[in-house]
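Survey of secondary and tertiary structure
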Amino acid sequence: MISILVADDHSIVREGIRHLIERESDIKVCAEASDGRETLEQIEKNEPDIVILDITMPNLGGLETLDRIRSRHPAVKTILLSVHADPVMIQNAVSLGVDGYVLKNARTSEILAAIRAVIRGGSFFSPTVAREIVAQIRDPRPAVDQPFSILSVREREVLHLIAEGFSAKEIAEQLRISTKTVEAHRTSLMRKLGVRKATELVRYAVRHRLIEP
């Protein structure tokens, strides 16, 4: 029996995936999560074979969560769900070792195909995503698309929370760090991304689909 953890901040998406999976005799949903932190907690508790992970979630974004899963639970397979075929998102997901990347507007059969492909040790990418990966190999993106990849996991977390509108104090509470450390990360983000104002960090996050506009 293949065990699946479904992580998405929209309950209707989780319910839809559960309904799809429960039709299969050899696949079960062992747990659900609505944000990145809960996803990591549920992996510890339920030890799923595969995590189906929304790329944009509160508290800890999909890419940040993916990075932690790969480092803490290397045996767990990961499939990202996204409404975007954004080149930067795809580039970073592949570099972080994702096993599958399925677009939310794809046919439901693609999710099942992805599950069966990755459990066998393979990979699965929606056709649009696969074409983008091939395009990136043939014609690597210029340096302007690269800054996000040089951010640390903590910097990505801070960027995501800044973009979601949280204050430095609120970010410090969520990440369990000091406000001074949050401000240091914000300064580092602005330097690495070449921006001068916090509002520009928000625009960067929207432009690169780290949050929904």
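This is a predicted model, so every value here is computed, not measured.

Right, let's get into the nonpolar core. Nonpolar side chains in soluble globular proteins tend to be buried together. By size, the foremost hydrophobic cluster in this structure holds 25 residues, and its most contacted members are Leu-53, Leu-63, Leu-80 and Tyr-101. Mapped onto this core, the elements with two or more residues apiece are strand S1 (2–7), strand S2 (27–33), helix H2 (36–46), strand S3 (50–54), helix H3 (62–72), helix H4 (87–95), strand S5 (100–103) and helix H6 (127–138). Sequence-distant contacts of Tyr-101, defined by excluding residues within four places in its chain, comprise Ile-55, Ile-79, Leu-80, Ser-82, His-84, Met-89, Ile-90, Ala-93, Phe-124, Phe-125, Ser-126 and Val-129. Formed by 20 residues, the second largest nonpolar core is a distinct cluster that contains Ile-17, Ile-50, Ile-52 and Ile-115.

Another point: the confidence of the model for the protein chain. The pLDDT averaged across the protein chain works out to 86; a share of 92% of its residues lies at or above 70. No element of the protein chain has a lower mean pLDDT than helix H10 (residues 198–207), at 79, and none a higher one than S1, at 97.

Another point: the pattern of salt bridges. Enumeration over the complete set of coordinates arrives at nine salt bridges. Measuring nitrogen to oxygen at the nearest pair gives 2.9 Å for the salt bridge that ties Asp-8 to Lys-104. One end of the pair, Asp-8, is in the loop between S1 and helix H1 (11–21); the other, Lys-104, is in the loop between S5 and helix H5 (108–119), and 96 residues separate them in sequence. One salt bridge in this structure joins Asp-54 and Lys-104, with 3.3 Å as the shortest N-O distance. A residue pair is termed long-range when its members are at least 10 positions apart, and Asp-54 in strand S3 and Lys-104 in the loop between S5 and H5 qualify at 50 residues. Owing to a relative accessible area of 2%, Asp-54 belongs among the buried residues under this scheme. Three or more residues are tied together by salt bridges with common partners; here these are Arg-14, Arg-18, Glu-22 and Glu-32.

Rules used in this analysis
- Residues numbered from 1 in each chain as written.
- Predicted model: local features only at pLDDT ≥ 70, side-chain atom pairs only at ≥ 80, totals over all residues.
- Heavy atoms only, no water.
- Core = buried A, V, L, I, M, F, W, Y, C linked by side-chain atoms within 4.5 Å.
- Buried < 20%, exposed > 50% of the residue type's maximum accessible area, 1.4 Å probe, protein only.
- Helix = DSSP H or I, 4+ residues; strand = E, 2+ residues; numbered from the N terminus.
- Contact = heavy atoms within 4.5 Å.
- pLDDT = per-residue confidence, 0-100.
- Salt bridge = Lys/Arg side-chain N within 4 Å of Asp/Glu carboxyl O.

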